[in-house]
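An overview of the molecular structure
Here's the letter readout for the chains.
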Amino acid sequence: MKSSRLAVSLLTSTLLAAGALAGVAAPAFAADTDVTQRPPVASTIATVSSPSGVLTVDVALDVNGSLAYSVKHMGKEVISPSRLGLVLSNAPKLDRNFSLVEAKTSSHDETWEQPWGEWRFIRDNHNELRVTVAQKGYMKEGRQLTVVFRVFDDGIGFRYEFPDQPQLKHLSIVDELSEFAVVDNSTAWWNAAGEWNREEYPVDKTPLKEVSLAQTPLTLKTDNGLYMTFHEAALVDYAAVWLRRVNGQRLKVQLAPTGEPGKKSVERDAPSATPWRTVLIADSAPGLYMSHVMLNLNEPNKLGDVSWVQPYKYVGIWWDMHLGTRTWEAGPKHGATTEYTKKYMDFAAKNGFRGVLVEGWNKGWEDWFATGHLFKFDEPYPDFDIAELSAYGLKKGVHLIGHHETGGNIANYEPQMNAGYAFYQKYAVDSIKTGYVADAGGAQAMGPDGIYFTWNDSQDMVRHYQKVVTEAAKYKIAIDTHEPIKDTGLRRTYPNWVSREGQRGMEYNAWGAPPNAPEHDPELVFTRMLAGPMDYTPGVLSLQGNNQPIASTQARQLALYVVIYSPIQMAADLIENYDKYPGPFQFIKDVAVDWSDTRVLNGEPGDFATIARKDRNSETWFLGAVTDENGRTFDVPLSFLDAGRTYTAEIYRDGPNADMTGDARFDIVIEKKTVTAGDVLPARLAPGGGLAVRFVPQGAAPKKRK
Ligand code: NOJ
Ligand code: CA
């Protein structure tokens, strides 16, 4: 940290004392008053601006000594005074009677390297404000609380820190009072919270005034054209944030319930800190995606050498089960057989895929939907010879990808997990897809062993998901979590947490009712994808689910590899379907999975999105564009390409008759053009369509001028 060079306005102690002692009459910042009816903020106690002055945060104490903050964008208030504080069950509330002890600022400007990701280098440039307040009134020593703000040009984060102090050794946190009072009329894209077991829903689009209880990320667009996303970073040992709209456009943090029956709080010892509550703020939807606030608010890599974490593409014994033609459990239609796996391994080797995922290899699937209590993680079904398959694959440079479906039954999984990782390590399995499908029973239902299933977003489950990642790291195993806790950027700290699901992926096109609408993908780009990588499992070129067609053109299936980021990408279709469509399949073989640079070229939530990415291991650029149910025509300036180079653009575009229904979905044109950074690519996307391009440099790189 560099030394402070920021203005911090500290008011006189008289003013502060007056504020702290003021009468009890007005219930300042009470949840049931509207923004406009709030009592005037008594005093701003500290201010911090972002490095270029785009955003400013003011922190204030009101007449009751309650803390609030507000946010200005280019000098205009966009978040009006919003409450801060916590409610404890083992001690009085941390919500009022505060006076300022100290406000300190510092600046930070550092560039760090991601081991894998959408960008190789990430700049972390922010100004920090630490406001420490003391609470008078119930103990003569006072209790202290620190609120830390980090202010970037494209977003803010704040968190509570609980200092080491004799009068607050342990915190039982039952409520968090943090609010976000949005000033301008807004439209929101969001998912309901409150379901105990999953996060896989179509995205809702409503006026912000109609949001009830939402998961994060929640993205909004104001009537003035400003975009904001509310989320959290570094969710560690705490309950996840949900947002309840308390009135008007005021959202209040509601902590997810606990996993343990009868337990109502987050339990933390001091000293400690909460996760960061975050707001991304940008002039455009692409600006939200281009923000690095989420990663910058996470701690650096704690695993040391992570060269064993490898981005890759994979195929797998998977879509068959979703189509219902094969089964996870053993039996006449069992998918995970030695013979069938070898076919996939042969295909992977021939087409350059590193991984073969095999689901349904282990004992216990008979009871998956009931309680998951039969799952064994080191006992294959007898028709799956893992030793033979591991050796067979490795000879061809192909790795088995592990699968641990838990059924959400943590009590069954945790005692077995280390044995499961050791078992896989023995067979050179260096990544595992996990699963938490828990459809039966309802929240906290009792299983036959007396165990209970837990809220995905609870502190207990936050701990569980992290434990999986840190334990697996001991075996040099990467984790791809399905039915995960939401992503909050922890891949920076634990780079073996390579991907997760956490929204509706391709599987919903097999059996979902309804399946994913075309608007789903451009919604994901500006909601779910702002949290981190998603294992969406794209590339179903057959465009066919289980008795339902997929509302997508073939070109769109290719575009998804660029638009929906994950360092591990599946070619999800049956391998025999790839043999039917060698033309478009070529793009899936060619597309990269690890990037040195990413540019979001255009987009609106739920409408369309175009993204360009540069391969980290070559000079090749890729581009993907998707649209909703509306066809679209627009120009794509190719100025992202490296200047002075000529490229062969291999274009996979919707054909003249392409459409999202019937045979028209297969109308694709594959053509080549020579282009440079000065050119403009005309894009014509069919309804439910897409565009995918690979830009291969011609000749050697031009010499750099000295
Ligand atoms: C749900 C996952 O999202 C899917 O990919 C997997 O095949 C099933 N669970 C079974 O584990
Ligand atoms: Ca799922």
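Quick look at the structure, then. Computed from a prediction, not measured in an experiment: that's the story for all the values here.

1. A short note on the sheet that holds strand S4 (residues 76-83)
Taken together, the eight strands give an open sheet; going across it, the order is S1-S2-S3-S4-S11-S18-S17-S14, and neighbouring strands pair in antiparallel fashion. Either end of the sheet is taken by a strand with one partner, and the two such strands are strand S1 (43-49) and strand S14 (213-214). Examined bridge by bridge, strand S11 (residues 179-182) and strand S18 (residues 250-255) share three bridges and lie antiparallel to one another. Residue Glu179 lies in a different strand from S18, and its bridge partner there is Lys252.

2. Digging into the environment of Ala551
Locating Ala551 in the fold gives a position in the loop between helix H10 (520-525) and helix H11 (554-563). In this structure Ala551 comes out as partly exposed when scored by relative accessible area, which is 26%. A sequence separation of 34 residues divides Ala551 from Ala517, and the C-alpha atoms of the two residues are 7.0 Å apart. With near-sequence residues (within four places) excluded, Ala551 lies in contact with Pro518, Met660 and Gly688.

3. Section: the packing of aromatic side chains
Applying the stated criterion to the full structure yields 36 aromatic pairs. Aromatic pair Tyr312 and Tyr314: ring centres 5.9 Å apart, planes at 70°, arrangement edge-to-face. As far as the burial class goes, Tyr312 and Tyr314 line up, both buried. What links up through ring pairs into an aromatic cluster is the set Tyr69, Phe149, Phe158, Tyr160, Phe180 and Phe230. The ring of Trp112 carries the charged tip of Arg492 above its face, separated from the ring centre by 3.6 Å. When the ring centre of Trp497 is taken as reference, the NZ or CZ atom of Arg500 above it lies at 3.7 Å.

4. Thoughts on the sheet that holds strand S5 (residues 86-88)
Within the open sheet, the three strands sit side by side as S5-S10-S19. Their pairing is antiparallel. Each edge of the open sheet carries a strand with a single partner, namely S5 and strand S19 (266-269). Each strand axis lies, on average, 45° off the axis of its neighbour in the sheet, ignoring direction. Bridge count for S5 against strand S10 (residues 170-176) is three bridges, and the pairing is antiparallel. Bridging across to S10, Leu88 finds its partner in Ile173.

5. Quick notes on the site of ligand 1
The full set close to ligand 1 counts 14 residues, and Glu359, Glu405, Lys433, His482 and Glu501 are the nearest of them. Contact distances for ligand 1 include 2.9 Å between an oxygen atom and a side-chain N or O atom of Trp318. Looking at the shell around ligand 1, its residues break down into five nonpolar, three polar and six charged.

6. Brief notes about the coordination of the calcium ion (ligand 2)
Protein-derived coordination of the calcium ion (ligand 2) comes from Glu200 (OE), Glu483 (OE), Glu501 (OE), Glu501 (OE) and Glu507 (OE), at a distance range of 2.2 to 2.6 Å. Metal-centred angles of 52 to 156° between the six donor atoms at the calcium ion (ligand 2) mark the site as irregular.

7. Remarks on the pattern of salt bridges
The final tally for this structure, using the stated rule, is 41 salt bridges. The residue Glu128 makes a salt bridge to Arg130 at a minimum N-O spacing of 3.9 Å. Exposure remark for Glu128: the relative accessible area of 6% places this residue in the buried category. Notably, a salt bridge pairs Lys614 with Glu619, separated by 3.2 Å at the nearest N-O pair. Judged by its relative accessible area of 13%, Lys614 falls in the buried class. Of the residues examined, Glu619 reaches a relative accessible area of 36% and is grouped as partly exposed. Connected via shared salt-bridge partners are Glu128, Arg130, Arg150, Arg159 and Glu161.

8. Description of the pairing of strand S24 (residues 399-405)
Burial analysis of S24 places seven of its seven residues in the buried class, which makes it a mostly covered element. Covered by surrounding structure in S24 are His399, Ile401, His403 and Glu405 together with Leu400, Gly402 and His404, the residues of both alternating faces. For the handedness criterion, the β-α-β arrangement of strand S23 (residues 355-358), helix H6 (residues 386-395) and S24 is classed as right-handed. Bridge count for S24 against strand S25 (residues 431-435) is four bridges, and the pairing is parallel. Bridged to His404 within S25 is Thr434. In this fold, the crossover linking S24 to S25 by way of helix H7 (residues 410-426) has right-handed handedness.

Analysis parameters
- Residues numbered from 1 in each chain as written.
- Chains lettered and ligands numbered in written order.
- Predicted model: local features only at pLDDT ≥ 70, side-chain atom pairs only at ≥ 80, totals over all residues.
- Heavy atoms only, no water.
- Pairing = 2+ DSSP bridges.
- Helix = DSSP H or I, 4+ residues; strand = E, 2+ residues; numbered from the N terminus.
- Buried < 20%, exposed > 50% of the residue type's maximum accessible area, 1.4 Å probe, protein only.
- Contact = heavy atoms within 4.5 Å.
- Phe/Tyr/Trp six-rings, centres within 6.5 Å; stacked < 30°, edge-to-face > 60°.
- Lys NZ or Arg CZ within 6 Å of the ring centre and 35° of its normal.
- Axes fitted to C-alpha atoms, helices over the stretch in contact; angles between N-to-C directions.
- Near = heavy atom within 4 Å.
- Polar contact = N/O pair within 3.5 Å; in protein donor to acceptor, adjacent residues only side chain to side chain.
- Nonpolar A, V, L, I, M, F, W, Y, C, P; charged D, E, K, R; others polar.
- Donors = N, O, S within 2.8 Å, 3.2 Å for Na, K, Ca; no water.
- Tetrahedral: all angles 85-135°; square planar, octahedral: opposite > 155°, others 65-115°.
- Salt bridge = Lys/Arg side-chain N within 4 Å of Asp/Glu carboxyl O.
- Right-handed = clockwise from strand over helix to strand, strands pointing away.

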